[in-house]
Amino acid sequence: MENPNFSFVEIDGPDAAFEPVDKSRGKNAKQVRWVLLLKANQAVGCVSWLASILWAVLGTINRRLIFRQGVDIASEKLGKGKLMFKIIKAFLVTSLLILAFEVLAYLKGWHYFENPDLYIPHASDIQGLFHLVYVSWLEFRAEYIAPFVQSLSVFCIVLFLIQSVDRMFLCLGCLYIKFKKIKPTINGDPFKSDDLEGSLDNYPMVLVQIPMCNEREVYELSISAVCQLDWPKERLLIQVLDDSDDENIRQLIKAEVSKWRQQGINIIYRHRFIRTGYKAGNLKSAMSCDYVKDYEFVAIFDADFQPSADFLKQTVPHFKDNPELGLVQARWAFVNKDENLLTRLQNINLCFHFEIEQQVNGVFFNFFGFNGTAGVWRIKALEESGGWLERTTVEDMDIAVRAHLNGWKFIYLNDVKVLCEVPESFEAYRKQQHRWHSGPMQLFRLCLPSIITSKISIWKKANLIFLFFLLRKLILPFYSFTLFCIILPLTMFIPEAELPMWVICYVPIIMTLLNILPAPKAIPFIAPYLLFENTMSVTKFNAMVSGLFQLGSSYEWIVTKKAGRSSESDLLAVVDKDMKALIQPEIIRGASESDLSELNLFKEQKPRPVKKSNKIYRKELALAFLLLTASVRSLLSAQGLHFYFLLFQGVTFLLVGLDLIGEQIS
């Protein structure tokens, strides 16, 4: 081989050629420097991003709070809110005066509050008039104010512990249900029949009701979803119950109903000119129709609910061979739960309500509060329980309690989900929560005599009175507002009545973790959720008092504003429908060219764009400054954890008071 084309390599061992290369061998000081510079650049970018967000928030606070640009003062009609605002403002002014007094005393070296035994100097130690006033204040505070605050705090702590135990038992009950795999089941195929001609007889007559009022954004979604329910057309009737006072919206809904009727759907449009009784009056009016007696069950969907096609086949069969069953309730699922921080926090609460509260009450008590929608009632149960009444703003809970007192049983289906929306603005959410927390107190006052004199067992009476109404509807908003928004800042100015650390920190964190268990993806939001729930206690407490003492605003019904969000499957269906329309234009039979042009005119006629105006909520702002003042006072007594809690809680109240909680900041 005169011209070889290969070379010789000396190998020490059989695996020497396959040994891993030492990657760090080629690094030098220059490469390390570049890596460090890259890391530093990333850190600076993160800090600048946080700084830009903080600067934007501070700029918004400056515009809305100081210059009042693009903001309005929120109405205080909800539950005599003006009186509460005056009380909170008086607390704020008093706390500022006491803080100034304490700071002057601190600068003069009178650090008596740092002594756990609160040493009060003798008369011989008095160093002047100001010192005398300060010592007199210490004596008055220790003898008269501190015992009252301490007693109130102990009372709230006891309520807090009782409610925490109830929540723990609910979670344990849910774990037991999961472990034992307990859930309602359907025996066999309820629609199977050997007789082909009589197969429709296995499908009971079902009435579907869609109550709505000025629901321009969502009426098409709900009507379309209900009209596509998988149920024989001969055994189904759909009622669109429209209370709209806008002529354009009424015409649009009529046209939508007419479109589906021409496709063979058995659907009826009903409109009331006088909107008495709100939703309860609407449903009561619809149930008075003569043809309703031909139907056995009624399914109810609010205007933003979009049931799946098999909803009736998943719910109605549970009534078969179960004559004591009056209600089948499905779970809600939310198409806009990730829209902003507010919707994420609402999703945590509602997941706990459906996954734990409704499921546990349904399994162990055969009773829970009807959610007002996404449920199927036996019409006989409605009629025997007195039908829909207009006496409260929670007609759904009202009919559920009366049906339970008459011996009817309920079933909750956690696996059957119906898509809907949660409010995306704080104003809409606040009004919704006011209605949800004032109505139960109205109902409790009205139903208490009936509960006591009913023939149900003592155990069920105790569950209704103490757990369903008092503990979860009255005690929860009372102690939450009183303990964390009033007593906690007061203890900063009255150190003799200090709250234990486990009340401020440990137990609330454990309870918050239990709340978040049904929505594990929300664990990163545990701190905002805890702070926001304390903030919402103002609205809930206000509503509870309003309903309990029958104040004027407790009977006010405000329709929750919706955005008209669609699920992914709905969007795909719309795209598919549009593609088919391009290939083969849809012909609406029975409609003239003038009718079609008028319908298109209504659809194209959009409401006048209203410039968004953020609200300023004075009660929340006053509490924000009260908590921030208390946090400054906690620095004087070197209470670090109290300072951070009060600071973050005060900032949360500030963000809510300036209507920033619903912004796209998540």
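Bear in mind the structure is a predicted one, so any value in this text is a computation, not a measurement.

Reading guide: rules and limits
- Residues numbered from 1 in each chain as written.
- Predicted model: local features only at pLDDT ≥ 70, side-chain atom pairs only at ≥ 80, totals over all residues.
- Heavy atoms only, no water.
- Buried < 20%, exposed > 50% of the residue type's maximum accessible area, 1.4 Å probe, protein only.
- Helix = DSSP H or I, 4+ residues; strand = E, 2+ residues; numbered from the N terminus.
- Pairing = 2+ DSSP bridges.
- Axes fitted to C-alpha atoms, helices over the stretch in contact; angles between N-to-C directions.
- Contact = heavy atoms within 4.5 Å.
- UniProt positions renumbered as here; feature names shortened; annotations may be inferred.
- Parallel < 35°, antiparallel > 145°, perpendicular 65-115°, else oblique.
- Left-handed = near helix turned anticlockwise from the far one by under 90°.
- Nonpolar A, V, L, I, M, F, W, Y, C, P; charged D, E, K, R; others polar.
- Phe/Tyr/Trp six-rings, centres within 6.5 Å; stacked < 30°, edge-to-face > 60°.
- Lys NZ or Arg CZ within 6 Å of the ring centre and 35° of its normal.
- Right-handed = clockwise from strand over helix to strand, strands pointing away.
- Patch = residues over 30% accessible without salt bridge, like charges linked within 9 Å, V, L, I, M, F, W, Y side chains within 5 Å.
- Areas by Shrake-Rupley, 256 points an atom, 1.4 Å probe, with all protein chains shown as cover.
- Salt bridge = Lys/Arg side-chain N within 4 Å of Asp/Glu carboxyl O.
- Core = buried A, V, L, I, M, F, W, Y, C linked by side-chain atoms within 4.5 Å.

*Asks:* Honestly, the pairing of strand S7 (residues 375-378) in this entry has me stumped. Any pointers?
*Replies:* Successive side chains on a regular strand alternate, one facing one side of the sheet and the next facing the other. Here S7 shows no split at all, with Gly375 and Trp377 on one side and Val376 and Arg378 on the other all buried. Where strand S5 (residues 297-300) meets S7, four bridges bridge the pair, whose relative direction is antiparallel. Residue pairing for S7: Val298 is matched across the bridge by Trp377. The pairing of strand S6 (residues 325-334) with S7 spans three bridges and is classified as antiparallel. Residue pairing in the sheet places Leu327 in a bridge with Trp377 of S7.

*Asks:* I'm lost on the sheet that holds strand S2 (residues 206-212) in this one. Help?
*Replies:* To summarise the sheet geometry, strands pair through backbone hydrogen bonds and adopt either a parallel or an antiparallel arrangement. Read from one edge of the open sheet, seven strands run S4-S3-S2-S5-S7-S6-S8, paired in mixed fashion. Looking at the sheet topology across the chains shown, the edges are occupied by strand S4 (267-271) and strand S8 (409-420). Going from strand to strand, the sheet's axes swing by 20° on average, the running direction of each strand aside. Pairing geometry for strand S3 (residues 236-242) and S4, over five bridges, is parallel. Note that in S4 the partner of Leu241 across the bridge is Arg270. Contacts between helix H5 (residues 247-262) and the sheet are confined to S2, S3 and S4, with S4 contributing the most and set at about 165° to the helix. Packed onto the sheet, helix H8 (residues 341-365) meets S6 and S8 and runs at close to 155° relative to S8.

*Asks:* Teacher, can you tell me more about the UniProt feature "transmembrane region" (unreviewed entry) in the protein here?
*Replies:* In the numbering adopted here, UniProt assigns the feature "transmembrane region" (unreviewed entry) to residues 42-62, 83-107, 144-162, 464-493 and 616-636. Segment residues 144-162 splits into 100% helix and 0% strand. End C-alpha atoms: 28 Å apart.

*Asks:* Explain the environment of Ala374 here, please?
*Replies:* Position of Ala374 among the secondary structure elements: in the loop between H8 and S7. Classification of Ala374 by relative accessible area gives buried; the value is 0%. Residues Ala374 and Lys417 lie 43 residues apart in sequence; the distance between their C-alpha atoms is 8.5 Å. Not counting the four nearest positions on each side in its chain, Ala374 is found in contact with Ile300, Phe301, Phe305, Phe311, Val328, Gln329, Ala330, Trp332 and Val418.

*Asks:* Would you mind going over the packing of helix H4 (residues 219-227) against H5 with me for this structure?
*Replies:* When two helices pack together, you describe them by how their axes are tilted relative to each other and by the distance separating the axes. Here H4 crosses H5 at 20°, and the two axes come no closer than 11 Å. The orientation of H4 with respect to H5, classified from their angle, is roughly parallel. Here H4 runs over H5; the crossing is right-handed. Residue-level contacts link Tyr219, Glu220, Ile223, Ser224 and Cys227 of H4 to Leu252, Ile253, Glu256, Val257 and Trp260 of H5. Split into classes, the residues belonging to the contact of H4 with H5 amount to seven nonpolar, one polar and two charged.

*Asks:* How should I be thinking about the packing of aromatic side chains in this particular structure?
*Replies:* Centre-to-centre distance and the angle between the planes together describe a pair of aromatic rings. Inspection of every chain in the model, using the stated rule, returns 26 aromatic pairs. Consider the rings of Phe305 and Trp332, whose centres lie 5.1 Å apart with planes at 75°: the pair is edge-to-face. Here the residue Phe305 occupies a position in the loop between S5 and helix H7 (311-315), and Trp332 occupies one in strand S6, the gap between them amounting to 27 residues. Each member of the pair, Phe305 as well as Trp332, is classed as buried. Linked through ring pairs, Phe305, Trp332, Phe354, Phe367, Phe368, Phe370, Trp377, Phe410, Tyr412, Phe444, Phe468 and Phe469 together constitute an aromatic cluster. Lying across the ring of Phe85, Arg618 places its NZ or CZ 4.5 Å from the centre.

*Asks:* Help me understand the pairing of S3 in this model?
*Replies:* Among the seven residues that make up S3, seven are buried, leaving the element largely enclosed by the rest of the structure. The side-chain alternation of S3 yields two buried faces, one formed by Leu236, Ile238, Val240 and Asp242 and the other by Leu237, Gln239 and Leu241. Of the strand pairs in this sheet, S2 and S3 are connected by seven bridges, and their pairing is parallel. Each residue of the ladder has a partner; that of Val206, found in S3, is Leu236. Handedness of the crossover joining S3 and S4 through H5: right-handed.

*Asks:* Help me understand a nonpolar patch on the surface in this model?
*Replies:* Among the surface-exposed residues, Leu161, Met501, Trp502, Tyr506 and Leu641 lie close enough to one another that they form a single nonpolar patch of about 440 Å² accessible area. Within the secondary structure, Leu161 sits in helix H3 (residues 129-180). In this structure Leu161 comes out as partly exposed when scored by relative accessible area, which is 34%.

*Asks:* Can you walk me through the pattern of salt bridges in this structure?
*Replies:* Close approach of charged atoms allows side chains of opposite charge to pair. All chains considered together, the criterion is met by 20 salt bridges. Across the salt bridge formed by Lys183 and Asp415, the nearest N and O atoms sit 3.4 Å from each other. One end of the pair, Lys183, is in the loop between H3 and S2; the other, Asp415, is in strand S8, with 232 residues separating them in the sequence. For Lys183, a relative accessible area of 52% puts it in the exposed group. The class for Asp415 is exposed, based on a relative accessible area of 54%. A cluster of three or more residues bridged by salt bridges with shared partners is formed by Glu102, Arg141, Glu496 and Arg633.

*Asks:* What is the right way to look at the nonpolar core in this model?
*Replies:* Within soluble globular proteins, side chains that are nonpolar generally end up buried alongside one another. If you look at the biggest cluster of nonpolar residues, it comprises 88 residues, and the most contacted ones within it are Ile223 and Trp377. The element contributing the most residues to this core is S8, with seven residues. Apart from residues lying up to four places away in sequence, Ile223 is in contact with Ile210, Met212, Val240, Ile253, Glu256, Val257, Trp260 and Ile267. With 63 residues, the next largest nonpolar core counts Phe101, Val149, Ile475 and Phe493 among its residues.

*Asks:* Any chance you could explain the environment of Trp388 here in plain terms?
*Replies:* With respect to the element layout, Trp388 can be found in the loop between helix H9 (379-384) and helix H10 (395-405). A C-alpha to C-alpha distance of 5.7 Å links Trp388 and Ala280, two positions 108 residues apart in sequence. Those residues in contact with Trp388, other than ones at most four positions away along the chain, are Ala280, Leu283, Lys284, Met287, Ile300, Phe370, Leu382, Glu395, Asp396 and Ile399.

*Asks:* What is the right way to look at unusual backbone geometry in this model?
*Replies:* With the exception of glycine, the majority of residues adopt a negative phi angle, and the majority of peptide bonds are in the trans configuration. Non-glycine residue Lys181 carries a positive phi angle of around 55°. Mapped onto the elements, Lys181 comes out in the loop between H3 and S2. Exposure remark for Lys181: the relative accessible area of 72% places this residue in the exposed category. One non-glycine residue, Tyr278, adopts positive backbone phi at about 55°. Assignment of secondary structure puts Tyr278 in helix H6 (residues 278-287). We classify Tyr278 as partly exposed; its relative accessible area is 28%.

*Asks:* Is there a simple way to think about the packing of helix H11 (residues 426-453) against helix H14 (residues 526-548) in this case?
*Replies:* The N-to-C vectors of H11 and H14 enclose an angle of 40°; their axes lie 7 Å apart at closest approach. Between H11 and H14, the crossing angle belongs to the class labelled oblique. For the element pair H11 and H14, the recorded crossing hand is right-handed. Here Phe426, Tyr429, Arg430, Gln433, His434, His437, Ser438, Met441, Gln442 and Arg445 of H11 come into contact with H14, specifically with Phe532, Met536, Thr539, Lys540, Ala543, Met544, Ser546, Gly547 and Leu548. For the contact of H11 with H14, a count of residues per class yields eight nonpolar, eight polar and three charged.

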